[in-house]
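Here is how the chains run, residue by residue.
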Amino acid sequence: MNIKVYVPRDATALSLGAGRVAAAIDREAQRRGLRVQLIRNGSRGLFWLEPLIEVATAEGRHAYGPVTVQDVPGLFDAGFLDGKAHPLHLGLTEEIKELKSQQRLTFARVGIIDPVSVDDYVAHGGYAGLKRALTLSPGEIVDAVTQSGLRGRGGAAFPTGIKWKTVLDQPPQQKYVTCNADEGDSGTFADRMLMEGDPLMLIEGMTIAGIAVGATQGYIYLRAEYPHAHRALIEAIAAARASGYLGSNILGSGKQFELDVRLGAGAYICGEETSMLESLEGKRGEVRVRPPLPAIKGLFGRPTIVNNVISLASVPVILAKGADFYKDFGTGKSRGTIPLQLAGNVKHGGLFERAFGLTLRELIYDYGVGSASGREIRAVQVGGPLGAYIPASQFDTAIDYEALSAIGALLGHGGVVVFDDTVDMAGMARYAMEFCAKESCGKCTPCRIGSTRGVELMDRVLANVDRERNLQLVEELCDTMLHGSLCGLGGMTPFPVQSALKYFPEDFRKTVQ
Ligand SMILES: Cc1cc2nc3c(=O)[nH]c(=O)nc-3n(C[C@H](O)[C@H](O)[C@H](O)COP(=O)(O)O)c2cc1C
Ligand code: SF4
């Protein structure tokens, strides 16, 4: 009988040598006349252990990591195929502390299954949500999503059920489901990992969305810098279609849904939903004036759902296990779980899915184990390049939408980037303005002109030219951008700037050498 060995095909694991390790295991097994079946799974998200390889044994999967090509012969010698001891042996995978303490709903199968095998997906509970959806009316599906309390994971945290209801309520016509997989926020990779590790969950979620609102065509707008996710999606869509889960007669129900992938145009603003729609239509990614909302007049002027990857991938479990099951996770108005992505100057970076409500401190120290440099952590930036900088004094804040908003921060897509005490916060404030100036679509003045003026002002502050007056102007400019911008790029650039000014004023008043 073949022994199953799992080596991730995830981009992070590949960048750390997983492809070479897989080839070495294959070669070594052949040399020794052993029958090994290599399965290329997703990553478990514990990046400091990648490449993390696993072996299926009678008692469960044993993990070894981080494995290099040089380690492979020694692993065979030690009997890793039977889960035997070795310096890289981590024990049973499911017992690894940082995995065991997670509450994985969206990432429940990531790292466990072969990402592009429909059989493996179904064997692990996949497509139970779609099967249930096919027994419900469109209104009942939308109600379940509303009842679950799911809010968009792309950044704005808008209730997904309400968005779907708006599309459902539009008169019958060509409607669309679009998935925002542009994932432009710094330090975020949940969408990528989900698409590489369990693409069928996204495909299932989009199919349910289509059936719920009467849309027969879906598009995944995928950032072009994700070639591995692209490959996994193409393979998984083909597999779903071949098995009757996509197409003109889904599982013999007479319902129709088709799905295609479109590659992004490589600009941060293309992640903003109306720019994304412009880009999907083949135009320059420029923000549209709202109203009309995309739910009423979206892609090609038709009613369109725009949802993030994680929002859509949360739907199958809501349908399969019920809205109450999902709603039981979380706190306050933040229901369910959130895949948190920990990056930057941190010892143990990775993805950790937990119910809303754990604190930043738990994430940074229990999972992240402190800074990679060994120095004191001074700040984290939560929610991407437009997120606020949060000082160490606020690390006991709970990770939920309202608690973060109460301290002037936002959760965004769940990315947390760590900085130690060598960070220069005035430099980071300048960087926020520079980022906005580079990425601005140019449609409105506060962002297009304001960000460039912001860089100039910050340069004067840093050079100690009329410093207090220029700091005052920075504050006023932030106020204008916050209230006068057409979209979140110009409208949220003030968050990192203002938080840096508020919590780290001393960095703006350093003596110039
Ligand atoms: C400048 C800017 C960039 C954005 N980038 C993304 C992105 O990369 N991915 C994403 O899902 N949402 C992004 N958003 C949010 C989208 O506009 C939109 O709110 C989201 O796709 C809706 O899906 P959700 O309700 O499922 O979160 C961005 C917003 C702004 C203002
Ligand atoms: S805020 Fe910036 S990115 Fe958004 S519409 Fe205005 S110019 Fe374009």
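One structure accompanies this document, and this report is about it. (Residues numbered from 1 in each chain as written. Chains lettered and ligands numbered in written order. Predicted model: local features only at pLDDT ≥ 70, side-chain atom pairs only at ≥ 80, totals over all residues. Heavy atoms only, no water.)

### Examining helix α10 (residues 199-213)
And step 1. Spanning 15 residues, α10 covers 22 Å between terminal C-alpha atoms, matching the ideal 21 Å at 1.5 Å per step.
And step 2. For α10, a buried count of 15 out of 15 residues is recorded, marking the element as mostly surrounded by other parts of the structure.
And step 3. Looking one or two residues past α10, glycine 214 carries a phi angle of roughly 80°, positive in sign. (Helix = DSSP H or I, 4+ residues; strand = E, 2+ residues; numbered from the N terminus. Expected span 1.5 Å × (residues − 1). Buried < 20%, exposed > 50% of the residue type's maximum accessible area, 1.4 Å probe, protein only.)

### Description of the packing of α10 against helix α13 (residues 309-321)
And step 1. Close contact between α10 and α13 brings their axes to 7 Å; oriented N to C, the two are set at 75°. One way to sum up the angle between α10 and α13 is to call them roughly perpendicular. Along its contact with α10, which presents Met201, Leu202, Glu204, Gly205, Met206, Ile208 and Ala209, the element α13 presents Val309, Leu312, Ala313, Val315, Pro316 and Leu319.
And step 2. Tallied by class, residues from the contact of α10 with α13 come to eleven nonpolar, one polar and one charged. (Axes fitted to C-alpha atoms, helices over the stretch in contact; angles between N-to-C directions. Parallel < 35°, antiparallel > 145°, perpendicular 65-115°, else oblique. Contact = heavy atoms within 4.5 Å. Nonpolar A, V, L, I, M, F, W, Y, C, P; charged D, E, K, R; others polar.)

### Considerations on the site of ligand 1
And step 1. Lining the immediate environment of ligand 1, one finds 20 residues, of which Gly154, Lys163, Asn307, Asn308 and Ser311 sit closest.
And step 2. One nitrogen or oxygen atom from the main chain of arginine 153 is found 3.4 Å from an oxygen atom belonging to ligand 1.
And step 3. Between ligand 1 and asparagine 307, the relevant distance is 2.8 Å, taken from an oxygen atom to a side-chain nitrogen or oxygen of the residue.
And step 4. Relative to its free-state accessible area of 610 Å², ligand 1 is covered by the protein chains to the extent of 91%. (Near = heavy atom within 4 Å. Polar contact = N/O pair within 3.5 Å; in protein donor to acceptor, adjacent residues only side chain to side chain. Areas by Shrake-Rupley, 256 points an atom, 1.4 Å probe, with all protein chains shown as cover.)

### Looking at the environment of leucine 358
And step 1. Among the structural elements, leucine 358 can be located in the loop between β13 (350-355) and α15 (360-367).
And step 2. Leucine 358 sits 345 residues away from alanine 13 along the chain, and the two C-alpha atoms are 27 Å apart.
And step 3. Setting aside chain neighbours within four positions, we find leucine 358 in contact with Leu340, Leu363, Tyr367, Thr397, Ala398 and Ile399.

### Some words on the sheet that holds strand β6 (residues 176-181)
One key point about sheets: their strands pair by backbone hydrogen bonds, in either a parallel or an antiparallel sense.
And step 1. As summarised here, the arrangement of the four strands in space is β8-β7-β6-β9, forming an open sheet in which the pairing is parallel. Looking at which strands have only one partner, the edges of the open sheet turn out to be β8 (258-263) and β9 (304-308). Neighbour-to-neighbour, the strand axes of this sheet turn through a mean angle of 20°, independent of strand direction.
And step 2. Here β6 runs beside β9; their pairing, made up of five bridges, is parallel. Residue asparagine 180 lies in a different strand from β9, and its bridge partner there is asparagine 308.
And step 3. Here α10 sits on the sheet in contact with β6, β7 (217-222), β8 and β9, set at roughly 150° to β6. (Pairing = 2+ DSSP bridges.)

### Side note on the packing of helix α7 (residues 138-148) against α13
And step 1. At a minimum axis separation of 10 Å, α7 and α13 run at an interaxial angle of 100°. Relative to α13, the element α7 lies roughly perpendicular. Here α7 contributes Ile141, Ala144, Val145 and Ser148 to the contact with α13, which in turn contributes Val315, Ile318 and Leu319.
And step 2. Of the residues contributing to the contact of α7 with α13, the split by class is six nonpolar, one polar and no charged.

### Details of the pattern of salt bridges
Pairing is possible between side chains that carry opposite charge, provided their charged atoms lie close to one another.
And step 1. Per the stated rule, a full pass over the model turns up 32 salt bridges.
And step 2. For aspartate 77, the salt bridge is made with arginine 32, and the minimal N-O distance between the two is 2.8 Å. Of this pair, aspartate 77 sits in helix α3 (residues 72-78) while arginine 32 sits in the loop between α2 (18-31) and β2 (36-39), and the two are 45 residues apart along the sequence.
And step 3. Under the relative-accessibility criterion, aspartate 77 is labelled exposed at 59%. (Salt bridge = Lys/Arg side-chain N within 4 Å of Asp/Glu carboxyl O.)

### Observations regarding the sheet that holds strand β15 (residues 389-391)
And step 1. One open sheet holds the five strands; their spatial order is β13-β12-β16-β14-β15, and the pairing between them is mixed. Each edge of the open sheet carries a strand with a single partner, namely β13 and β15. Adjacent strand axes in the sheet meet at a mean angle of 30° when their direction is disregarded.
And step 2. Pairing of strand β12 (residues 337-344) with strand β16 (residues 415-420) involves four bridges; the strand directions are parallel. Bridge pairing in β16 places glutamine 341 opposite glycine 415.
And step 3. Sheet contacts for α15: β12, β13, β14 (377-382), β15 and β16; angle to β14, the most-contacted strand, approximately 115°.

### A closer look at the site of ligand 2
And step 1. As a matter of local geometry, ligand 2 sits amid 13 residues, with Cys441, Lys443, Cys444, Cys447 and Cys487 nearest to it.
And step 2. Tallied by class, residues from the shell around ligand 2 come to eight nonpolar, four polar and one charged.

### Here we look at the environment of proline 87
And step 1. Its place among the elements puts proline 87 in the loop between α3 and β5 (89-92).
And step 2. Looking at proline 87, the relative accessible area reads 80%, which means it is exposed.
And step 3. Spatially, the C-alpha atoms of proline 87 and proline 391 are 38 Å apart, while their sequence positions differ by 304 residues.

### Describing unusual backbone geometry
And step 1. Of note, the bond from glutamate 50 into proline 51 is cis; its omega dihedral lies within 30 degrees of zero at -5°.
And step 2. Note on placement: proline 51 falls in the loop between β2 and β3 (53-57).
And step 3. A cis amide bond, omega 5°, links proline 291 with the succeeding residue proline 292.
And step 4. Among the secondary structure elements, proline 292 is positioned in the loop between α12 (273-280) and β9.
And step 5. Residue leucine 251 is not a glycine yet carries a positive backbone phi of 50°.
And step 6. Along the chain, leucine 251 falls in the loop between α11 (227-242) and β8.
And step 7. The backbone of aspartate 466 sits at a positive phi, close to 45°, despite the residue not being glycine.
And step 8. Looking at the secondary structure, you find aspartate 466 in the loop between α18 (445-462) and α19 (467-484).

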